[in-house]
Amino acid sequence: KKIVKVDDNIKVNRIIRQYYFQKDYKKTIEELFPYLHSSSKKARAKALFYTALSYIQLKKYDKALDYLVHPLTVKAYGKRAKFWYKRAVEKLK
């Protein structure tokens, strides 16, 4: 099981480098989707957070909110999740 968790973290990091940092946000969302249910909480939290950030970049603020209030996102990304949540809410006004 530990190997799977390490693999998931490595894969999530690779997806973020390969797509998010290259500004391909649709592909980021698509590729991270399977990891939203990873057995690794770390991989799942990162997938949730970067899915939210991708939706924000695509101006789909309402979709981003669900990911930003997820307990794993809040626990792992605290202030950053709160910052992006407030930003998304402002954009919806």
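Residues numbered from 1 in each chain as written. Predicted model: local features only at pLDDT ≥ 70, side-chain atom pairs only at ≥ 80, totals over all residues. Heavy atoms only, no water.

A. Focus on the packing of helix H4 (residues 61–68) against helix H5 (residues 71–92). The geometry of H4 relative to H5 is characterised by a closest axis approach of 9 Å and an angle of 160° between their N-to-C directions. By the angle class used here, H4 and H5 are roughly antiparallel. For the crossing formed where H4 meets H5, the hand is left-handed. Residues Tyr61, Asp62, Leu65, Tyr67 and Leu68 of H4 form the contact with H5, whose own contacting residues are Thr73, Val74, Ala81, Trp84, Tyr85, Ala88, Val89, Lys91 and Leu92. Considering only residue class, the contact of H4 with H5 consists of eleven nonpolar, one polar and two charged. (Axes fitted to C-alpha atoms, helices over the stretch in contact; angles between N-to-C directions. Helix = DSSP H or I, 4+ residues; strand = E, 2+ residues; numbered from the N terminus. Parallel < 35°, antiparallel > 145°, perpendicular 65-115°, else oblique. Left-handed = near helix turned anticlockwise from the far one by under 90°. Contact = heavy atoms within 4.5 Å. Nonpolar A, V, L, I, M, F, W, Y, C, P; charged D, E, K, R; others polar.)

B. Region of the structure containing the nonpolar core. Core analysis: the biggest nonpolar cluster contains 29 residues, and Phe49, Tyr50, Ile56 and Leu68 have the highest contact counts within it. Among the secondary structure elements, those contributing two or more residues to this core are helix H1 (2–20), helix H2 (25–32), helix H3 (41–57), H4 and H5. It is H3 that contributes the most residues to this core, ten residues altogether. When near neighbours in sequence (up to four residues on either side) are disregarded, Phe49 contacts Leu68, Thr73, Tyr77, Arg80, Ala81 and Trp84. (Core = buried A, V, L, I, M, F, W, Y, C linked by side-chain atoms within 4.5 Å. Buried < 20%, exposed > 50% of the residue type's maximum accessible area, 1.4 Å probe, protein only.)

C. The arrangement of the pattern of salt bridges in detail. The full count for this structure, using the stated rule, is two salt bridges. Between Lys27 and Glu30 there is a salt bridge; the shortest N-O distance is 3.4 Å. With a gap of three residues between them, Lys27 and Glu30 both fall in helix H2, about one helical turn apart. The partly exposed category is assigned to Lys27, whose relative accessible area is 25%. In this structure, Glu31 engages Lys27 in a salt bridge whose closest nitrogen and oxygen atoms are separated by 3.2 Å. Taken as a pair, Glu31 and Lys27 lie in helix H2 at a separation of four residues, close to a single helical turn. Since its relative accessible area comes to 26%, Glu31 is described here as partly exposed. (Salt bridge = Lys/Arg side-chain N within 4 Å of Asp/Glu carboxyl O.)

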